[in-house]
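# Observations on chain architecture
Okay, here's what each chain looks like letter by letter:
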Amino acid sequence: MTRQRGLSVRLKLALSYAGFLMIAGALLLAVVYAFLLRYVPAEAMASEWTFFPGRTDLVRAFVPAAAWALLFLLVFALVGGWFLAGRMLAPLTRITSATRAAAAGSLSHRIRLDGKSDEFTELADSFDAMLAQLEAHVAQQQRFAANASHELRTPLAISQTLLDVARKDPDHDHDAVLGRLHSVNARAIELTEALLVLSRTEHGTFATEHVDLSLVAEEAAETLLPLAEKRGVAIETAGEAATTIGSPALISLLTTNLLHNAIVHNLPQGGSVTLTTSSATDAVAATNAAAGATAAAAAAAEVEAAATLVVENTGSPIGDDLLATLTEPFQRGEQRARSDHAGVGLGLAIVKSVVKAHGGSMQLAARDGGGLRVTVRLPLAVDLGSTDGI
């Protein structure tokens, strides 16, 4: 946006300081005249031994000195105001330089303004925090774009290789080639659909309704039971009804991805996965009742309670460095190696996006002895108008 050049803020402040100082000086002179000179006789009084100057004499002597004093105040105010304004606006100059550097693409630049807390330091700290978030977000998007390009290029390259082999070798087993092409194409479609789901959840474009996490967990366990039996992993569901408000399809996808991840990244044999659902309504209500809280306070606390889903699986030990990156796109446990059910590396990334879109939270923790514990908390749907049991 092109703007017409105007006076600088520093010059405006200097002129303001000078203007206020001149007004104060003029008011001071007006006070002297109003409360002192007005009581002096207009004409001078003289006698043989004394002489009393009149008001006219005093004004004639005082005005030139006052004019020179006001001129000195004007120059002093302009110079001092310019200096003080520069000192006051110095942090703003640093913030402006950092803003221009960020606009030029240098997100690693930080202001790091020293001094005690004031408006400028708060602005600088907020700007530094924003730059840090933007830098992390851009770095994540760049990694995502690079990984997505790599993941999408791989099936295309395999398909091209299979087609070249089939074209150069007419006697090649075409059924095997078609089967392999079907598998590669299915994987490419799965990756594309996962990317579309990830994009949809990040934009929050979905309809919502009441969803019971316990029922969703049971359905996911039934769906993935054949895969669990094939890998020798036992699935157990437990807990109570926990109703939240959200998209049934996305919450089902969330649960299925967590369970699939827990089955695939498990022990070779004898592993287990536990899905537990819980609701904090009863505990919150009991706490409020014991504390003598009002009905309105209890109801408000219940609304803030969470519907919780915990997916816990056995497996190999997970380090803190790996744990911090598991929710990034295309991260597959300890290695990026593929298997028949390795997925496309977007499972936990989609889960994180779905949880965020529903206003919930997700925590990952390494289990003692190996494995992972994922805790998902979603807003609890509580019917405050219910009269059951009354």
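Provided above is the structure to which this section pertains.
Residues numbered from 1 in each chain as written. Predicted model: local features only at pLDDT ≥ 70, side-chain atom pairs only at ≥ 80, totals over all residues. Heavy atoms only, no water.

What follows is about a negative patch on the surface. Residues Asp-118, Glu-119, Glu-122 and Asp-125 make up a contiguous surface patch of negative charge. Here Asp-118 lies in the loop between helix H2 (55–103) and helix H3 (119–168). (Patch = residues over 30% accessible without salt bridge, like charges linked within 9 Å, V, L, I, M, F, W, Y side chains within 5 Å. Areas by Shrake-Rupley, 256 points an atom, 1.4 Å probe, with all protein chains shown as cover. Salt bridge = Lys/Arg side-chain N within 4 Å of Asp/Glu carboxyl O. Lys, Arg positive; Asp, Glu negative; His and termini not counted. Charge placed at Lys NZ, Arg CZ, Asp CG, Glu CD. Helix = DSSP H or I, 4+ residues; strand = E, 2+ residues; numbered from the N terminus.)

A grouping of Leu-7, Leu-15, Trp-68, Leu-71, Leu-74, Val-75, Leu-78 and Val-79 is seen on the molecular surface, where their side chains present a nonpolar patch of about 760 Å² in accessible area. Ranked by residue count, the leading element in the nonpolar patch is H2, at 6 residues. Inspection of the secondary structure assignment puts Leu-74 in helix H2. Taking relative accessible area as the criterion, Leu-74 reaches 30% and is therefore assigned partly exposed. (Buried < 20%, exposed > 50% of the residue type's maximum accessible area, 1.4 Å probe, protein only.)

Turning to the pairing of strand S5 (residues 243–246), a few remarks are in order. What you see with S5 is a clean split: Thr-244 and Gly-246 sit on the buried side and Thr-243 and Ile-245 on the side with no burial. Strand direction decides the pairing type here: strand S3 (residues 209–212) and S5, joined by 4 bridges, are antiparallel. If you follow Glu-209 over to S5, its bridge partner there is Gly-246. (Pairing = 2+ DSSP bridges.)

Another aspect to go through is the sheet that holds strand S9 (residues 372–379). Spatial strand order, S4-S6-S7-S9-S8: 5 strands in an open sheet with mixed pairing. Two strands close off the open sheet at either side, each with one partner strand: strand S4 (233–239) and strand S8 (361–366). Averaged over all neighbouring strand pairs, the angle between strand axes comes to 10°, with direction disregarded. Pairing between S4 and strand S6 (residues 271–279): 7 bridges, direction parallel. For Gly-239, the partnering residue across the bridge sits in S6 and is Thr-277. Against the sheet, helix H7 (residues 248–264) contacts S4, S6, strand S7 (306–313) and S9, and its axis sits at roughly 20° relative to S7. (Axes fitted to C-alpha atoms, helices over the stretch in contact; angles between N-to-C directions. Contact = heavy atoms within 4.5 Å.)

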